[in-house]
Amino acid sequence: MADEPRPPRQTAQLSLGKELVGLAKSLGATFSEALKPSMTVQYPEDKTPRSERYRGRHYLRRYDNGLERCIGCELCAAACPVGCILVIASENTPEHRVSPGERHAKVYEINMLRCIFCGYCEEACPVQAIVLGPEYELADDSREKFIYTKEMLLEPDPREVVKEVDGAGSKA
Ligand code: SF4
Ligand code: SF4
């Protein structure tokens, strides 16, 4: 036998009961959050740690002997889905050796306004030259400043860094 339809008064009571239960749950959630300790971070003085897999600003790396890792192969530019990398390669010579390979990047630029931080360039690079670091404070005040040149991307020569650290240590 089919269920008898509920009288309108009973239906309204059930609906009101459900809404009261929902309201009580919402208030419970609000009060339990209000009693938790504050999680405010005093940015920019304090910063929350980035995940190890975070992909931020790019860097061009060097070997320990100071040579640039980039061999100008353009695989990163080919892999970039938005076409924001420009690489112009040049030959290394015995008098002017920049990288261990036959060629090096004479020009290396990334248009950071177009970059979507997907990390494909890093994955495509055969010598781990281009990497995405943890830095995320990239705001600036003109479009031109978002074209990151090779000079901006290249990490310092490790030999110079060691000299500076040694110099600072001997002065202390
Ligand atoms: S992170 Fe992605 S979008 Fe940005 S330069 Fe690399 S490949 Fe291109
Ligand atoms: S960064 Fe890597 S993939 Fe890009 S040109 Fe240099 S060596 Fe090739």
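Note that this is a predicted model, so its numbers are computed, not measured.

**Things to note about the sheet that holds strand β5 (residues 147-148)**
Here comes step 1: Ordered by their spatial adjacency, three strands build an open sheet running β2-β3-β5, and the pairing between neighbours is antiparallel. If you trace the sheet from one side to the other, it starts and ends with β2 (85-91) and β5, each paired once.
Here comes step 2: Where strand β3 (residues 103-111) lies against β5, two bridges are found, and the strand directions are antiparallel. Following the sheet pairing, isoleucine 110 is matched in β5 by tyrosine 148.

**As for the domain arrangement of the protein**
Here comes step 1: According to the domain assignment, the protein consists of domain 1 (1-34) and domain 2 (58-162).
Here comes step 2: Here the C-alpha centre of domain 2 lies 60 Å away from the C-alpha centre of domain 1.

**Thoughts on the site of ligand 1**
Here comes step 1: Residues in contact with ligand 1 amount to 13 residues; listed here are only the nearest, Cys80, Cys115, Cys118, Tyr120 and Cys121.
Here comes step 2: Tallied by class, the residues present in the shell around ligand 1 amount to twelve nonpolar, one polar and no charged.

Cut-offs used in this document
Residues numbered from 1 in each chain as written. Chains lettered and ligands numbered in written order. Predicted model: local features only at pLDDT ≥ 70, side-chain atom pairs only at ≥ 80, totals over all residues. Pairing = 2+ DSSP bridges. Helix = DSSP H or I, 4+ residues; strand = E, 2+ residues; numbered from the N terminus. Domains from an automatic or database assignment. Near = placed C-beta within 6 Å. Nonpolar A, V, L, I, M, F, W, Y, C, P; charged D, E, K, R; others polar.

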